[in-house]
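# Understanding the architecture of this molecule
Listed below, chain by chain, are the residues.
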Amino acid sequence: MKLVIAVIRPEKLTEVLEALYRLDVQGFTVCRVQGHGGEGERVETYRGTTVKMELSDKVRLEIGVSDAFVERTVKAVLRSAHTGEVGDGKIFVVPLEQVYRIRTGEEDRAAVTPVGVNPHLETV
Amino acid sequence: MNAADTVWMLIATALVLLMTPALAFFYGGLVRSKNALNTMMMSLVSLGCVGVAWFLLGYTLAFGPGTTLFGDLSSVLLRGVGLENAAGTAIPKLLFMGYQGTFAIITAALISGAVVERMRFLAYAAFITLWSLVVYSTVAHWVWGGGWLARMGALDFAGGTVVHITAATAALVAAVLIGPRKDYARQAVLPHNVPFAILGAGLLWFGWFGFNGGSALAVNGQAVTAFVNTLMAPAATLLVWIGLDLARSGKATAVGGATGIVVGLVAITPAAGFVSPISALAIGALAAVPSHFAILYRSRTRLDDSLDVVAAHGLGGIMGALLTGLFAQKAWGSPVNGLLFGNPRQLLIQAVAVLATIGFTAIATYALLKLVAAFAALRATSAEQGQGLDFSQHGEEAYASGDGALLLLSETLPVDPVVFVPSKGGAH
């Protein structure tokens, strides 16, 4: 199992979610975050105060998936969050030790599989 | 100069002026947060560019004697506009000019609702300035400046055709020409601050007492009728709107309520000083229906009239103009009776006025937008729309936290020793 962490442009969230739903990836957490990558300077002026906005608004998705789903999930985000401009974001894939579904107490693979799908069926 | 008339018109002018920042809140609340400042600035800038254009040139184009089609340049740069009484009134000409200027300002600002979240700011400002001179001043001349619609006997008390039908027609042409927002019909685009929209609708209603109540240009029975009708008609529209909301979805929506108030205000505008208070209730109630269904229908089309200027001001304005032809009553201040009081011809005259206004406005608006487009792009790029127009057009954000932002110090200013200067370089 892996935890796929994607940091994307806020305006791309709808497209990314659509791409994930199409893959049957239905479980994730979304938060609004601020970050700094290699974006060009954003200079803003408020009355006499000129500031360089170092932090840009981003959306961070955390998606726990079984191994069979890692590549598909990453590819879907790469495709749907892409604009080609600096500031499209990053994807981090990190190992996941254990997952529990709180409602049922299911563990690991069963816990990351959406309700109604057989966790032992290898769908590639 | 009559003191009472002048005092009332001074107040009415301030009331109408307030409607433009009120519109900024109404429109600003209905867009996404990344476009809030741009949307509000589209209303605000009209106070500057259309205001100054009116003082220098627009006023004389509208109210100079001229011909039945156009005004003239007799009062250009406000020549001869002083403290003597304006024709047919007991208020100074200067005050009359200022009062009418606040109408030109709000009318041009109304158009912005159809092009928010995508029209470039400077192209927009250039467009509404030209539009106020070419379209608004001309139609104002036709109706209030002794032009052909006035001579034909068209009734427009405070600007149903001059203000709302012109703005809505221009909005329709601009929305089609500039095209839909990049996200329109692709993802949900929701209002970011509905309380702002309600604040705006409330302040619009407040300002509208000056708009309609002041259009008698005096303190008299007609002013009182217009004022109270402005209280009554939107109340009826609001009630019917809530009823239609309930019938459709079982819930009374706040955005619907705010919209209903505006539609009622638009509809009573041409009739305010010409109809009985009970007729005003009827006009308000009837006007809710076409606008309500037009908004539901419009959002399923490719027409991205983003804040429904056509449905609210266009259909509301047309309903108001036609219903004026139905309900006008000599007994309540109208120069002629309407259809219900034995003068069916008036309805025909009202229809001609509506059609002529739509036709002229559509053609002139198209030509002006093409003219501006020859010098500057009208439409913000997809990347600019994605980032939001607040930053791309104004270099500001409505809800900036400033966390992590670096203060840039101007090189020409002496550095104040107490100001923290971030050190350059250093280890990460």
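Residues numbered from 1 in each chain as written. Chains lettered and ligands numbered in written order. Predicted model: local features only at pLDDT ≥ 70, side-chain atom pairs only at ≥ 80, totals over all residues.

### Concerning the overall build of chain B
Filter applied, for reference: What counts as a helix is a DSSP run of H or I of at least four residues, what counts as a strand is a run of E of at least two, and both are numbered from the N terminus. The size measure is the radius of gyration over C-alpha atoms, and the globule rule it meets is 2.2 Å times the number of residues to the 0.38 power. Around each residue's C-beta, the other C-beta atoms within 10 Å are counted; 20 or more make the residue buried, 12 or fewer make it exposed, and counts in between make it partly exposed. All C-beta atoms are placed from the backbone. Any residue pair is listed as a contact if its two C-beta atoms, each placed from the backbone, are within 7 Å.
Each helix and strand in chain B was counted, giving 14 helices and one strand. Its C-alpha atoms give chain B a radius of gyration of 23 Å, within 12% of the compact-globule value 22 Å for 428 residues. Reported as C-alpha extents along the three principal axes, the dimensions of chain B are approximately 90 × 55 × 40 Å. Of all 428 residues assigned to chain B, the portion counted as buried reaches 54%. Taking contacts inside chain B between residues at least 6 apart in sequence as the whole, the part at least 24 apart equals 75%.

### Some points on the overall build of chain A
On a plain count of helices and strands, chain A comes out with three helices and six strands. Of the regular secondary structure in chain A, the N- to C-terminal order runs β-α-β-β-β-β-α-β-α. Taking 124 residues into account, the globule formula puts the C-alpha radius of gyration at 14 Å, and chain A, at 17 Å, lies well above it. The principal-axis extents of the C-alpha atoms in chain A amount to approximately 60 × 30 × 20 Å. Taking all contacts inside chain A whose residues are at least 6 apart in sequence as the whole, residues at least 24 apart take part in 72%.

### What to know about the packing of helix H7 (residues 194-213) of chain B against helix H9 (residues 254-268) of chain B
What describes two packed helices is the angle between their axes and the distance between those same axes. Residues and elements named next belong to chain B. Applicable threshold: Angles shown run from 0 to 180 degrees and are taken between the N-to-C directions of axes, each axis being a line fitted to C-alpha atoms and, for helices, limited to the stretch in contact. An angle below 35 degrees is read as roughly parallel, one above 145 as roughly antiparallel, one from 65 to 115 as roughly perpendicular, and any other as oblique. Take the far helix as the reference: if the near one is turned anticlockwise from it by less than a right angle, the crossing is left-handed, and if turned clockwise, right-handed. For this classification, Asp, Glu, Lys and Arg are treated as charged, while Ala, Val, Leu, Ile, Met, Phe, Trp, Tyr, Cys and Pro are nonpolar and the rest, including Gly, are polar.
Their axes nearest at 9 Å, the elements H7 and H9 cross at an angle of 15 degrees. Classified by the interaxial angle, the pair formed by H7 and H9 is roughly parallel. Crossing of H7 against H9: the hand is left-handed. When H7 is examined against H9, the residues Val194, Ala197, Ile198, Ala201, Leu204, Trp205, Trp208 and Asn212 are found in contact with a partner set consisting of Ala254, Val255, Ala258, Ile261, Val262, Leu265 and Ile268. Partitioning the contact of H7 with H9 into residue classes produces 14 nonpolar, one polar and no charged.

### Quick notes on unusual backbone geometry
Residue and element names in this part refer to chain B. If you check the backbone angles, leucine 77 has positive phi at about 55 degrees while not being a glycine. Take leucine 77: it is sitting in the loop between helix H2 (36-63) and helix H3 (93-110). Notably, aspartate 308 is not glycine yet its phi reads approximately 55 degrees, a positive angle. What makes aspartate 308 buried here is the crowd of 24 C-beta atoms within 10 Å.

### Some words on the sheet that holds strand S4 (residues 49-52) of chain A
Here is the rule: Criterion used throughout: strands pair if DSSP finds at least two bridges between them.
Spatially, three strands are ordered S3(A)-S4(A)-S1(B) in an open sheet, and the strand pairing comes out antiparallel. Both edges of this open sheet fall to strand S3 (43-46) of chain A together with strand S1 (406-407) of chain B, since each of them pairs with a single strand only. Looking at chain direction, S3(A) and S4(A) are connected through four bridges and run antiparallel. By the bridge assignment, A:Tyr46 is partnered in S4(A) with A:Thr49.

### Side note on the sheet that holds strand S5 (residues 56-65) of chain A
All names here are of chain A. The strand order across the open sheet formed by four strands is S2-S5-S1-S6, and the pairing between neighbours is antiparallel. Strands at the two margins of the open sheet, each flanked by one partner only, are strand S2 (29-35) and strand S6 (89-95). The mean inter-strand angle of the sheet, taken between neighbouring strand axes irrespective of direction, is 20 degrees. Across the sheet, helix H2 (residues 67-80) lies against strand S1 (2-8), S5 and S6, angled at about 5 degrees from S1, the strand it touches most.

### What to know about the interface of chain A and chain B
With 16 residues of chain A at the interface, the matching set in chain B holds 15 residues. Listed by contribution, the elements that provide at least two residues to the side of chain A that touches chain B are S3 and S4 of chain A. When residues of the side of chain A that touches chain B are assigned to their parent elements, the largest contribution, four residues, is made by S3(A). Looking at side-chain class alone, the side of chain A that touches chain B contains five nonpolar, four polar and seven charged residues.

### A few points about the nonpolar core
Stated formally: We define the nonpolar core as any set of buried residues of the types Ala, Val, Leu, Ile, Met, Phe, Trp, Tyr and Cys, connected via C-beta atoms lying within 7 Å of each other.
Among the nonpolar cores identified, the biggest contains 136 residues, and B:Ala171 and B:Ile283 are the most heavily contacted of them. Among the elements that line this core, the one with the most residues is helix H1 (residues 3-30) of chain B, at 14 residues. Those residues in contact with B:Ala171 that sit more than four places away from it in its chain are B:Ile111, B:Gly113, B:Ala114, B:Asp305, B:Val309 and B:Val310. Among the nonpolar cores identified, the runner-up in size contains 17 residues, and A:Val4, A:Leu61, A:Val65 and A:Ala76 belong to it.

### Details of the packing of H1(B) against H7(B)
Residue and element names in this part refer to chain B. Contact pair H1 / H7: the axes reach a minimum separation of 7 Å and the direction vectors enclose 155 degrees. Of the possible angle classes, the one that applies to H1 and H7 is roughly antiparallel. As for how H1 packs across H7, the hand of that crossing is left-handed. Here the contact of H1 with H7 is composed, by residue class, of 23 nonpolar, seven polar and no charged.

### Thoughts on H3(B)
As a reminder, the rule being used: In a helix, the anticipated span is given by 1.5 Å times the number of residues less one.
Compared with the 26 Å implied by 1.5 Å per residue over 18 residues, the 26 Å span of H3(B) between its first and last C-alpha is a close match. With respect to burial, H3(B) is a largely interior element, 17 of its 18 residues being buried.

### Structural notes on the confidence of the model for chain B
It should be kept in mind that the predicted coordinates are not to be read in detail where pLDDT is low. Residue and element names in this part refer to chain B. Operational definition: pLDDT expresses, on a scale from 0 to 100, how confident the predictor is about each individual residue.
In the predicted model, chain B carries a mean pLDDT of 95, and the fraction of residues at 70 or more is 96%. Here residues 417-421 is a poorly scored stretch, pLDDT under 50, and it has three contacts once near neighbours within four places are set aside; other chains count. Here the complex is predicted with pTM 0.91, and the ipTM for its interfaces comes to 0.80.

### Topic: the environment of B:Leu204
Residues and elements named next belong to chain B. As for its position among the elements, leucine 204 is in helix H7. Along the sequence, leucine 204 and tryptophan 131 sit 73 residues apart, while their C-alpha atoms lie 23 Å from each other. Beyond its immediate stretch of four places on either side in the chain, leucine 204 contacts Met19, Ala22, Leu23, Phe26, Val262 and Leu265.

### Digging into the environment of B:Val116
All names here are of chain B. Among the secondary structure elements, valine 116 is positioned in the loop between H3 and helix H4 (121-144). Taking C-alpha positions, valine 116 is 8.0 Å from asparagine 35, a pair spaced 81 residues apart along the chain. Other than its neighbours up to four places away in sequence, valine 116 contacts Tyr27, Val31, Asn35, Thr39, Met42, Ser306 and Leu307.

### Focus: H7(B)
Residue and element names in this part refer to chain B. Let me state the cut-off plainly: Bend is the name given here to the angle between axes fitted to two runs of seven residues, the run ending at a residue and the run starting at it.
Between its first and last C-alpha atoms H7 spans 28 Å; for 20 residues at 1.5 Å apiece the expected length is 28 Å, and the two agree. Its axis deflected by about 30 degrees at glycine 207, H7 carries its strongest bend there. When we look at burial in H7, the residues that qualify are Phe196, Ala197, Gly200, Ala201, Leu204, Trp205, Gly207, Trp208, Gly210, Phe211, Asn212 and Gly213. Looking at the buried positions of H7, the neighbouring elements they touch are H1, helix H8 (221-249) and H9.

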